[in-house]
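# Architecture and fold: a report
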Amino acid sequence: MRQPSLFIPHGGGPCFFMDDPAGVWTNMAKFLRDLPNRLSEAPRAILVVSGHWETNGFAFTGAARPSLIYDYYNFPPHTYRLGYDAPGDPALAERAAGLLRDAGFIASVDPDRGLDHGVFVPLKVMLPDAAIPVVEMSIDHRLDPARAVEAGRALAPLRDEGVLIIGSGMSFHNMRGYGDPRSTVPSEAFDAWLGNAIRQPGPARAQALVAWENAPAARFAHPKEEHLLPLMVAAGAGDDAPGERIYGERVLETAISGFRFG
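Reference entry: report on the structure contained in this document. (Residues numbered from 1 in each chain as written. Predicted model: local features only at pLDDT ≥ 70, side-chain atom pairs only at ≥ 80, totals over all residues. Heavy atoms only, no water.)

So, about the environment of Pro-181. Position of Pro-181 among the secondary structure elements: in the loop between strand S6 (163-169) and helix H5 (184-198). According to the relative accessible area criterion, Pro-181 is exposed, its value standing at 57%. (Helix = DSSP H or I, 4+ residues; strand = E, 2+ residues; numbered from the N terminus. Buried < 20%, exposed > 50% of the residue type's maximum accessible area, 1.4 Å probe, protein only.)

Structure below.
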């Protein structure tokens, strides 16, 4: 059965596996835990586009047993011992890279790269048994939204092969803005624009997302767009039907959302 493509927030570092007395991450964790119940059937594999890996062109993890990259800093010692022993899928990595090459992109398979926290942290909440094969995809270091959308479009056939495509990032990613009440209004303005763009049919949605810098408070929400580009890939991999918001709340004084396509 055809899988959707998703854009999910991955939180802050290993936030879901730390004490959280104020409940900052409670609802986001619940959203991630409930995501498998939103699928018609379990995917045969998962392709996760992470905002934490930039390469020349696009790249895919090709290890049969990928390691983990603890790319967060100054967190409690136990968070550097988190495990997520999901198998890789070298054949899927080669298939995905081939689809991108056929579409004119530079694409490679990295046999040594592990899964960064934009991948293993949300998946450890979503699918703690780590039974489904996982491949991570990078974003092109040029951070071109049009290329990201087109790359997603090239990868769309994987959905018919039982692959769940997930863009992992944050719909608002201004590190200095988190926790500041002055961020609420501009983050909500950007979030409202983003929701409206997602609800448009495929071609209009792509056109709006490519021009995302024209949105209200765009560069306040994303001083650098590496955490937004996974959304572009997920949107491109969706079909022409309107997308939908499947998660939304205020986190650390800012509006954060998740979306589904297809």
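Now, onward.
Let us now look at the packing of helix H1 (residues 26-34) against helix H3 (residues 117-126). One way to put it is that H1 packs onto H3 with a least axis distance of 7 Å and a crossing angle of 70°. If you check the angle between H1 and H3, you find them roughly perpendicular. Counting all contacts with H1, which are made through Ala-29, Leu-32 and Arg-33, the residues of H3 involved are Pro-122, Val-125 and Met-126. Taken together, the residues of the contact of H1 with H3 break down into five nonpolar, no polar and one charged. (Axes fitted to C-alpha atoms, helices over the stretch in contact; angles between N-to-C directions. Parallel < 35°, antiparallel > 145°, perpendicular 65-115°, else oblique. Contact = heavy atoms within 4.5 Å. Nonpolar A, V, L, I, M, F, W, Y, C, P; charged D, E, K, R; others polar.)

Of note in this structure, Leu-252 is not a glycine but carries a positive phi near 50°. Here Leu-252 shows up in the loop between strand S7 (244-251) and strand S8 (254-261). Phi angles above zero are rare outside glycine, and Glu-253 is one such case at about 70°. With respect to the helices and strands, the residue Glu-253 is situated in the loop between S7 and S8. Judged by its relative accessible area of 30%, Glu-253 falls in the partly exposed class.

As a further point, take the side chain of His-173. Note that His-173 resides in the loop between S6 and H5. Relative accessible area serves as the criterion here: at 15%, His-173 is assigned to the buried category. Aside from chain neighbours lying at most four places away, what touches His-173 is Tyr-178, Ala-221, His-222, Pro-223, Glu-226 and His-227.

For the rest of this paragraph, the subject is the packing of aromatic side chains. Enumeration according to the criterion identifies 12 aromatic pairs in this entry. Three or more aromatic residues joined by ring pairs form one cluster here, namely Tyr-70, Tyr-72, Phe-75, Tyr-80 and Phe-120. (Phe/Tyr/Trp six-rings, centres within 6.5 Å; stacked < 30°, edge-to-face > 60°.)

Once that is clear, we can look at the pairing of strand S4 (residues 107-110). Note: strand S3 (residues 58-61) against S4, four bridges, orientation parallel. Directly across from Phe-60, in S4, lies its bridge partner Val-109. What joins S3 to S4 is helix H2 (residues 90-102), and the crossover it makes is right-handed. (Pairing = 2+ DSSP bridges. Right-handed = clockwise from strand over helix to strand, strands pointing away.)

Below, the discussion takes up the nonpolar core. Residues Phe-60, Leu-100, Met-137 and Leu-155 are the most contacted members of the largest nonpolar core, which totals 86 residues. If sequence neighbours within four positions are ignored, Leu-155 has contacts with Leu-47, Phe-60, Ala-96, Leu-99, Leu-100, Met-137, Ile-165 and Val-233. (Core = buried A, V, L, I, M, F, W, Y, C linked by side-chain atoms within 4.5 Å.)

Of all 10 residues making up H3, nine are buried, and the element is well covered by its neighbours. Residues of H3 that are buried include every one of His-117, Gly-118, Val-119, Phe-120, Val-121, Pro-122, Leu-123, Val-125 and Met-126, and no others. Taken together, the buried residues of H3 touch strand S1 (5-9), H1, strand S2 (45-55), strand S5 (134-140) and S6. Where H3 begins, the side chain of Asp-116 points an oxygen toward the backbone nitrogen of Gly-118, at a separation of 2.8 Å. (Polar contact = N/O pair within 3.5 Å; in protein donor to acceptor, adjacent residues only side chain to side chain.)

Right, let's get into the pairing of S5. The buried count for S5 comes to seven of seven residues, which makes it a mostly enclosed element. In terms of strand pairing, S2 meets S5 through six bridges, oriented parallel. Within S5, the residue paired with Leu-47 across the bridge is Val-135.

A few words on the side chain of Arg-159. By the element assignment, Arg-159 lies in the loop between helix H4 (145-155) and S6. The side chain of Arg-159 sits in the buried core without any salt bridge; Asp-239 is the nearest counter-charge, 4.0 Å away. Among the polar contacts made by the side chain of Arg-159, one reaches the main-chain carbonyl oxygen of Ala-237 at a distance of 2.9 Å. Ignoring any residue separated from it by four or fewer positions in sequence, one finds Arg-159 in contact with Met-1, Arg-2, Gln-3, Pro-4, Ser-5, Ile-165, Ala-237, Gly-238, Asp-239, Phe-261 and Gly-262. (Lys, Arg positive; Asp, Glu negative; His and termini not counted. Salt bridge = Lys/Arg side-chain N within 4 Å of Asp/Glu carboxyl O.)

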